[in-house]
Amino acid sequence: MFDLDSRLLNIFYHVYKSKSVSTAADAIGVSQPTISNGLIKIRQHFGDPLFLRVGNEMIPTELSKQIFPLISEVINKVESINNFSVNFDPSKSDLLYTLAMTDVSHLVLLPQITQFLNKNAPFIRLNVRPISSETSYQMANGEIDLAIGFLPQLEDGFYQQKLFSQRYVVISRKNHPRLQSDRISIDDYIREMHIDIDAGAGHYHIENELQNKGLRRNVLIRLPSYLGVGLVVQETDAIATVPYYLSQVLLARGNLQIYDAPLEFPTYSIKQHWHMCCHHKTSHQWFRQSCYEIFKTIA
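In this text, all values refer to a predicted model and were calculated from it rather than measured experimentally.

Calculation notes
Residues numbered from 1 in each chain as written. Predicted model: local features only at pLDDT ≥ 70, side-chain atom pairs only at ≥ 80, totals over all residues. Heavy atoms only, no water. UniProt positions renumbered as here; feature names shortened; annotations may be inferred. Helix = DSSP H or I, 4+ residues; strand = E, 2+ residues; numbered from the N terminus. Domains from an automatic or database assignment. Buried area = accessible area lost by both parts, 1.4 Å probe. Salt bridge = Lys/Arg side-chain N within 4 Å of Asp/Glu carboxyl O. Polar contact = N/O pair within 3.5 Å; in protein donor to acceptor, adjacent residues only side chain to side chain. Nonpolar A, V, L, I, M, F, W, Y, C, P; charged D, E, K, R; others polar. Core = buried A, V, L, I, M, F, W, Y, C linked by side-chain atoms within 4.5 Å. Buried < 20%, exposed > 50% of the residue type's maximum accessible area, 1.4 Å probe, protein only. Contact = heavy atoms within 4.5 Å. Expected span 1.5 Å × (residues − 1). Axes fitted to C-alpha atoms, helices over the stretch in contact; angles between N-to-C directions. Parallel < 35°, antiparallel > 145°, perpendicular 65-115°, else oblique. Pairing = 2+ DSSP bridges. Patch = residues over 30% accessible without salt bridge, like charges linked within 9 Å, V, L, I, M, F, W, Y side chains within 5 Å. Areas by Shrake-Rupley, 256 points an atom, 1.4 Å probe, with all protein chains shown as cover.

*Asks:* Report on the UniProt feature "domain: HTH lysR-type" (unreviewed entry) in the chain, specifying residues and quantitative values.
*Replies:* Within the UniProt annotation, "domain: HTH lysR-type" (unreviewed entry) is assigned to residues 4-61. Its end C-alpha atoms 19 Å apart, residues 4-61 is made of 62% helix and 14% strand.

Here is the structure:
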């Protein structure tokens, strides 16, 4: 059995991340046959197919999933050595940061992050992914640098920092036929039809509070995320319960009215989360501190 060199580890790493031989070849700067020949050698070393072609994707086997964190750690350390610099200059850096964000963070926070980078670090690039069941695993193996949002499932075993607190408000279209004042009562809230957003823990906070009060909403439409909720509310008489800072974004773009929630729905913390593999990197420390400075004034 021959030893695997850094070139072969790099091939495995990029095929695993991209699930594509051609994309891996482009990322490394070699031909597709070079990637295929490298995979043959790695498969011989482990005695495992490592990747199975399903449609247009290279799907990793169970052994691949087990060894990827180890290979990823090696690749990241080699990259850190190659790119090592005592001084990190964000104004000149062209680093690519991969962020995982909830849909609300995507709508509320990403524009502010982008504006900050345009002014202070114009060459830095962002790759934004949705939060999924794979997020913690991808953070541990270095695929994702930072996760931002309300993510209680990431709190154990990860570094975290609170950015600001979030609360719920109610939105309706302007000139709603039954909601004419600047306040909405519990009776009004229960009487109206609702757009419900089934968006993780926040959704359950609302439902639990209603159940504790013995109340039940009449749901007209149930959405899988907050994307598009403002447009739906504008076109119906239904109301929606949404995070406050999202309502401010929607208010600036649509014909909406905002009300304080008639019930004391729980508040929650928006945090940034990162894995220990990124904790001591100067470039990541700068990015996390920048995010903290951007949002610490939100109150």
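*Asks:* Give a detailed account of the domain arrangement of the chain, specifying residues and quantitative values.
*Replies:* Per the domain assignment, the segments making up the chain are domain 1 (4-81), domain 2 (94-163 + 267-294) and domain 3 (167-265). Just the C-alpha atoms count here: the centres of domain 2 and domain 3 sit 28 Å apart. Between domain 2 and domain 3, the buried area comes to about 980 Å², and carbon and sulfur atoms account for 75% of it. Connecting domain 2 to domain 3 are zero salt bridges. Our enumeration of links across domain 2 and domain 3 arrives at two residue pairs in polar contact (both at pLDDT 80 or more). Tallying contributions element by element places helix 5 (residues 103-108) first for the side of domain 2 that touches domain 3, with four residues. Among the residues forming the side of domain 2 that touches domain 3, the class breakdown is six nonpolar, one polar and one charged.

*Asks:* Before we move on, can you summarise the nonpolar core with the specific residues and values?
*Replies:* Ile113, Ile148, Val229 and Phe287 are the most contacted members of the largest nonpolar core, which has 50 residues in total. Broken down by element, this core gets its largest block of residues, five residues, from helix 13 (residues 282-295). There are two domains that each give this core at least three residues, and those are domain 2 (94-163 + 267-294) and domain 3 (167-265). Beyond its immediate stretch of four places on either side in the chain, Phe287 contacts Tyr97, Leu99, Ile113, Leu117, Leu126 and Leu146. Counting residues in hydrophobic clusters, the runner-up holds 20 residues, among them Leu9, Ile35, Phe51 and Ile67.

*Asks:* Can you break down helix 13 residue by residue, with the values?
*Replies:* Look at helix 13: 20 Å from first C-alpha to last across 14 residues, which is about the 20 Å you get at 1.5 Å a residue. Among the residues of helix 13, Ser283, His284, Trp286, Phe287, Arg288, Ser290, Cys291, Ile294 and Phe295 are the ones counted as buried.

*Asks:* Lay out the packing of helix 2 (residues 21-28) against helix 3 (residues 32-46) with the relevant residues and their values.
*Replies:* At a minimum axis separation of 8 Å, helix 2 and helix 3 run at an interaxial angle of 110 degrees. Classed by the angle they form, the pair helix 2 and helix 3 counts as roughly perpendicular. Contacts between helix 2 and helix 3 involve Val21, Ser22, Ala24, Ala25 and Ile28 from the first element and Gln32, Ile35, Ser36 and Leu39 from the second. In the contact of helix 2 with helix 3, the residues fall into six nonpolar, three polar and no charged.

*Asks:* Explain the sheet that holds strand 7 (residues 168-173) to me, using residue names and the numbers behind them.
*Replies:* One open sheet holds the five strands; their spatial order is 9-8-10-7-11, and the pairing between them is mixed. The open sheet has two free edges, formed respectively by strand 9 (218-223) and strand 11 (256-260), since each of these has just one partner strand. Taken over all neighbouring pairs, the strand axes of this sheet differ in orientation by 35 degrees on average, direction set aside. Summarising the sheet, strand 8 (residues 193-197) and strand 10 (residues 239-243) pair through two bridges and their orientation is parallel. Bridged to Ile195 within strand 10 is Ala240. Lying on the sheet, helix 11 (residues 244-253) is in contact with strand 7, strand 10 and strand 11; it crosses strand 10 at an angle near 120 degrees.

*Asks:* Break down the environment of Phe68 for me, citing the residues and quoting the values.
*Replies:* Secondary-structure assignment places Phe68 in helix 4 (residues 62-82). Distance in space between the C-alpha atoms of Phe68 and Gln161 is 28 Å, their sequence separation being 93 residues.

*Asks:* Account for a nonpolar patch on the surface, with residues named and values stated.
*Replies:* The grouping of Met193, Leu220 and Ile221 at the surface amounts to a nonpolar patch, some 220 Å² of accessible area in total. Here Ile221 lies in strand 9.

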